[in-house]
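Spelled out, the chains give:
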Amino acid sequence: MDSCNCIEPQWPPDDLLMKYQYISDFFIALAYFSIPLELIYFVKKSAVFPYRWVLVQFGAFIVLCGATHLINLWTFTMHTRTVAMVMTTAKVFTAVVSCATALMLVHIIPDLLSVKTRELFLKNKAAELDREMGLIRTQEETGRHVRMLTHEIRSTLDRHTILKTTLVELGRTLALEECALWMPTRTGLELQLSYTLRQQNPVGYTVPIHLPVINQVFSSSHAVKISPKCPVARIRPAGKYMPGEVVAVRVPLLHLSNFQINDWPELSTKQYALMVLMLPSDSARQWHVHELELVEVVADQVAVALSHAAILEESMRARDLLMEQNVALDLARREAETAIRARNDFLAVMNHEMRTPMHAIIALSSLLQETELTPEQRLMVETILKSSNLLSTLINDVLDLSRLEDGSLQLDLGTFNLFAVFREVLNLIKPIASVKKLHVSLNLAPDLPEYAIGDEKRLMQTILNVVGNAVKFSKEGSISITAFVAKSELLRDSRTPEFFPVPSDNHFYLRVQVKDSGVGISPQDIPKLFTKFAQTQSTATRNSGGSGLGLAICKRFVNLMEGHIWIESEGLGKGCTAIFMVKLGIPERSNEPKLPFMPKVPTNHGPTAFPGLKVLVMDENGVSRMVTKGLLVHLGCDVTMVSSSEECLRVVSHEHKVVFMDVCVPGMDGYEVAIRINEKFTKRHERPVIVALTGNTDKVTKENCMRVGMDGIILKPVSLDKMRSVLSDLLEHRVLFEAI
Amino acid sequence: MDLVQLQRQLVDYRTSLYHEGFLDEQFTQLQSLQDENNPDFVVEVVSLFFEDSERLLNELSKALEQQVIDFKRMDAQVHQLKGSSSSIGAHRVQKLCIVFRNYCEAQNVEGCLKCLQQVKHEYGIIKTKLESMFQLEQQILNAGGSIPV
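Numbering of residues starts from 1 in every chain and runs along the sequence as written. Here the convention is simple: chains get letters from A, ligands get numbers from 1, in the order in which they are written. pLDDT decides what is reported in this predicted model: residues at 70 or higher carry local features, side-chain atom pairs at 80 or more are listed and counted, and totals for whole chains, interfaces and linings draw on all residues regardless. Values shown for side chains rest on all heavy atoms present in the structure; no hydrogens or waters enter the calculation.

As for the confidence of the model for chain B
Alright, step 1. For every residue, the predictor assigns a confidence score, pLDDT, that lies between 0 and 100. Model confidence for chain B is summarised by a mean pLDDT of 87, while 99% of its residues fall at 70 or above.
Alright, step 2. As scored by the predictor, the complex reaches a pTM of 0.35 and an ipTM of 0.77.

Below, the structure written as structure tokens:
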């Protein structure tokens, strides 16, 4: 052969096998070159592929393999050494790269495999989260529904609205077919169908309460699935449908008494109502857990709302009851007032009606006593007189007592001689006492004031009553009356702890003790003494007569005088002591001007009682002028006389202390003069006292005098004493309204 | 006559005047006003009364003789007379004046005339009586005694 560096192939080129190899190599090369192209294309497309370097390597490996196979094509025929060289280089490179790639793949493939497992894991997780999301969403829906339902339910206080709303809202929320509420009847032995959703007027089905299914529901606080065939669920019109699932829940009916402070509502004392909920028939719906929870929550809310409504109903009922009672009480009060008024009117009328004939009887009988009578007749007349006196006293007592009870009795306060009162009582009681051979002694303390301010008549009545009782109940022995001013230490008597007298400047407490040696009183009878009409039943007292009112009246009087009265006794047969204290006023040294006829401070009787007092006398009538002047001169006054109003106005000056003017002469206006004098002397202390002398003191004259500013009126004729007292009054008080 | 007798006579006389209603307590008052400062008080007052009354009575007579009788003026005058007599204590005269006034108010001429007559009559009596009493008193004073009260 020639020395060309050609390499001879192994096999002859025309062999069929060679041909096939040649074709396969061609296609392999093609594929090998296209795969990396595809890879590059798709890698470029996807942005995230992390193994670019690997791809590059792979690409290189494949390209080189392709190149190798491509170059192999030339080796089927005779080829030069260069081709063989290129082929070899290509193969070497291919070998290197593929080994590198293989080594690299050892690292990479486990990674790629784990990516796959991670992907699977994440997918599972995502599915789980989805599921949970679904759950939460349904719960939130439920919560929203509950809130809305509760809001609806609690927005009203009317029981029916509450229940109706509950059923309606539940029906809407849960898309129920039927929803019913069974309430326990009054007897508590049955459940009655009270409200339904679809049917407008539920017929009054009742179901006995002790069915097992009902017990089952009542004993659990959860919503319980019950069979559609049980009596409480059989309220739909029967159809050919497959009934939907039914759930029942208990609704506790709470009462106010269930909520004790230390005792939260115990479920054992409850009454329950039953709420039955039915899913639509022929739907494949099932009761879901969240729906059941919704139902339970609603049931509780309904219970609370119902109890509120019940409480409200109670309070409204109580308020109505109170209003009725108020009206009734008002009516009763008005009736009582009318009755009291009627009684007072009756008493007033009867008092007068009774007293008039009594007066006639007493007066005429006493007159009769004065005439000539046979002893028998005299006896009869005396009995009549005694009885009628008794009756008269009784009438007075009863009237007084009823007035005292009303509180309408008021004391007639006035200044009186205290000593005189006691002496009078003594004088009245002495005859009776001497008949019974009782010795009566009166002991007045030296510091007891002679005059006091109080109700003289009633004080005397009280003393007389007490002393009279002492005499009445003593058959023998002595009665001693002591009166003194109660000192403050003695005022607080241990036996009368509720009596706290407080002496003050103008008042003193008179304490009177009447001790007798009579039959005495047993201790248990003492409290009854002062009650009306109650008498001790011993025979001794039976004969004494009396209505039993005396001490009661005394007690009332003493109370009115802000005092206290009580009786002490050691027991039967040991006598008793009646003690009372009353508050009396101390009269002041100077007399009050508003009581014009008080007993005056003794005036001096000398002729010059008012030495040098300048007086003006105005009188048209000469004779009376002279008489008045004579009077005043006798009293020592310095008298100026005028006979006309002009002269009077001319003469009057601030030196004149008193002006006497005659106002009953017609035609001469004494009033005018008075007005002018008032105008003339603006300062009060300069103005003389103006006194009208008049022959009549009717109302008109008095009013006129007062109107023009006169200080007093004297009725003619004036006596010396009257003039004297008038002048002394006038000068002391500058006012005197009127002296008769 | 004896002083004591005179005094007794005076007392009896006075008592009878009171008893018969000619005088009332006002006269007693007058007497009590008389003292050593005013020894003739009573006499003075009574004299004044006499003068006043006579004047008034004359005027009343004249008024009633007129054609047109001025009742108002008459009323005023009778009022005066009433006042004077009551100041003295001339009881009967005073009472008649009251009646007189009623007639004046009623403008009853007949009644007025009749009343005037009565008043004059009574006045005459009381004047005589008082004058006698004063004479007695004077006699007592002249005899050196004092007037009993």
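Some details on empty space enclosed by the protein
Alright, step 1. Cavities and pockets were defined on a 1 Å grid built from protein atoms only: a cavity is a group of points that admits a 1.4 Å probe but offers it no way out, a pocket is an open group of points flanked by protein on both sides within 12 Å along at least five of seven lines, and a lining residue is one with an atom within 4 Å of any such point. Grid points are joined across faces, edges and corners, and a volume is the space filled by probe spheres set on the points. Under the counting rule described, the total for this entry stands at 1 cavity of 30 Å³ or more.
Alright, step 2. By volume, the largest cavity is sized at about 90 Å³.
Alright, step 3. What lines the largest cavity is a set of 10 residues, among which Val627, Lys716 and Val718 of chain A together with Gln26 and Ser87 of chain B lie closest to the centre.
Alright, step 4. Here a helix means four or more residues in a row that DSSP labels H or I, a strand means two or more in a row labelled E, and each is numbered from the N terminus. Elements represented by at least two residues in the lining of the largest cavity include exactly helix 13 (622–634) of chain A together with helix 4 (71–88) of chain B.
Alright, step 5. For this classification, Asp, Glu, Lys and Arg are treated as charged, while Ala, Val, Leu, Ile, Met, Phe, Trp, Tyr, Cys and Pro are nonpolar and the rest, including Gly, are polar. The residue makeup of the lining of the largest cavity, split by class, is 4 nonpolar, 5 polar and 1 charged.

Points about the UniProt feature "transmembrane region" (unreviewed entry) in chain A
Alright, step 1. UniProt positions are given in the numbering used here, feature names are shortened, and annotations may be inferred rather than shown by experiment. With numbering matched to this structure, UniProt assigns "transmembrane region" (unreviewed entry) to residues 20–41, 53–72 and 92–113 of chain A.
Alright, step 2. A distance of 28 Å separates the end C-alpha atoms of residues 53–72 of chain A, which is 100% helix and 0% strand.

So, the interface of chain A and chain B
Alright, step 1. In this complex, chain A contributes 18 residues to the contact, which on the side of chain B involves 19 residues.
Alright, step 2. Between chain A and chain B, roughly 1,600 Å² of surface is buried when both sides are summed, and carbon and sulfur atoms account for 64% of that area.
Alright, step 3. The largest per-residue losses of area from chain A upon contact with chain B belong to Val623, Met626 and Val627 of chain A, which jointly make up 35% of the total buried on that side.
Alright, step 4. The working definition used for a salt bridge is a side-chain nitrogen of Lys or Arg within 4 Å of a carboxyl oxygen of Asp or Glu. Across the contact surface, chain A and chain B share 0 salt bridges.
Alright, step 5. Polar contacts, as used here, are pairs of N or O atoms within 3.5 Å; protein pairs need one atom able to donate a hydrogen and one able to accept it. Residues neighboring in sequence count only if both atoms are side-chain atoms. Counting across the interface, chain A meets chain B through 0 residue pairs in polar contact (both at pLDDT 80 or more).
Alright, step 6. Sort the elements by how many residues they give to the side of chain A that touches chain B and helix 13 of chain A lands first, with 9 residues.
Alright, step 7. In terms of residue class, the side of chain A that touches chain B is built from 11 nonpolar, 6 polar and 1 charged. The contact definition used throughout considers only heavy atoms, calling two residues in contact when any of these lie within 4.5 Å. Throughout, buried area stands for the accessible area (probe radius 1.4 Å) lost by two parts on being put together, summed over both.

Things to note about the nonpolar core
Alright, step 1. The biggest cluster of nonpolar side chains holds 66 residues, and the ones touching the most others in it are Phe660 and Leu727 of chain A together with Phe100 of chain B.
Alright, step 2. In this structure, Leu727 of chain A is in contact with Phe610, Leu613, Leu632, Leu635, Cys637, Val658 and Phe660 of chain A, ignoring residues within four places of it in sequence.
Alright, step 3. Joining through side-chain atoms within 4.5 Å is the link that ties buried Ala, Val, Leu, Ile, Met, Phe, Trp, Tyr and Cys residues into a set, and such a set is a nonpolar core. Burial here depends on accessible area, computed with a 1.4 Å probe over protein chains only, as a share of the maximum for the residue type. Under 20% is buried, over 50% is exposed, and the range in between is partly exposed. Counting 42 residues, the second largest nonpolar core, distinct from the first, contains Phe422, Ala470, Ile479 and Cys554 of chain A.

What to know about the sheet that holds strand 18 (residues 712–715) of chain A
Strand pairing within a sheet occurs via backbone hydrogen bonds; the two strands may be parallel or antiparallel.
All names here are of chain A.
Alright, step 1. In this analysis, strands are considered paired if DSSP registers two or more bridges between them. Across the sheet, 5 strands lie side by side as 15-14-16-17-18; this open sheet has parallel pairing. Two strands lie at the open edges of the sheet, namely strand 15 (638–642) and strand 18, each paired on one side alone. Neighbouring strand axes in the sheet, compared pairwise and without regard to direction, differ in orientation by 25 degrees on average.
Alright, step 2. Helix-sheet contacts for helix 13 involve strand 14 (614–618), strand 15, strand 16 (658–662) and strand 17 (689–694), and the interaxial angle to strand 15 is about 170 degrees. Inter-axis angles, ranging from 0 to 180 degrees, are taken between N-to-C directions of lines fitted to C-alpha atoms, where helices are fitted over the stretch in contact.

A look at the sheet that holds strand 2 (residues 190–196) of chain A
Residue and element names in this part refer to chain A.
Alright, step 1. A sheet is described by the order of its strands in space; here 6 strands give the open sequence 3-2-1-6-5-4, paired in antiparallel fashion. On the outer flanks of this sheet lie strand 3 (206–208) and strand 4 (224–226), each paired with one strand and no other. Sheet twist, expressed as the mean angle between neighbouring strand axes with direction ignored, is 35 degrees.
Alright, step 2. With 8 bridges joining them, strand 5 (residues 246–253) and strand 6 (residues 271–278) adopt antiparallel strand pairing. Within strand 6, the residue paired with Val251 across the bridge is Ala273.

What to know about the UniProt feature "modified residue: Phosphohistidine" (unreviewed entry) in chain B
Residue and element names in this part refer to chain B.
Alright, step 1. Residues given the UniProt feature "modified residue: Phosphohistidine" (unreviewed entry) here are His79.
Alright, step 2. When you line up the elements, His79 lands in helix 4.
Alright, step 3. On the basis of relative accessibility, which here comes to 8%, the residue His79 falls in the buried class.

Structural notes on the pattern of salt bridges
Alright, step 1. Taken as a whole, this structure holds 17 salt bridges over all chains when the rule is applied.
Alright, step 2. Put simply, Glu314 of chain A and Arg317 of chain A hold a salt bridge, and the shortest N to O gap is 3.0 Å. With Glu314 of chain A and Arg317 of chain A both in helix 6 (residues 289–370) and 3 residues apart, the pair spans about one turn of that helix.
Alright, step 3. We note a salt bridge from Arg55 of chain B to Asp52 of chain B, for which the minimum N-O separation is 2.7 Å.

A closer look at a nonpolar patch on the surface
Alright, step 1. For patch detection, residues must exceed 30% relative accessible area and be free of salt bridges, and they are connected within 9 Å for like charges or within 5 Å for nonpolar side chains (Val, Leu, Ile, Met, Phe, Trp, Tyr). Computed with a 1.4 Å probe, the accessible areas rest on the Shrake-Rupley method; for each residue, only the protein chains presented here act as cover. On the surface, a nonpolar cluster with roughly 750 Å² of combined accessible area is contributed by Leu16, Tyr20, Tyr22, Ile23, Phe26, Phe27 and Leu30 of chain A.
Alright, step 2. Overall, the relative accessible area of 42% leaves Ile23 of chain A in the partly exposed class.

So, the confidence of the model for chain A
Residues and elements named next belong to chain A.
Alright, step 1. In this model, chain A carries an average pLDDT of 78, and 82% of its residues clear a pLDDT of 70 or more.
Alright, step 2. The low-confidence segment residues 538–545, where pLDDT is below 50, has 8 contacts with residues more than four positions distant or belonging to other chains.
Alright, step 3. Predicted confidence is poor over residues 590–607, with pLDDT under 50, and the contacts of this stretch with residues over four places away or in other chains come to 19 contacts.

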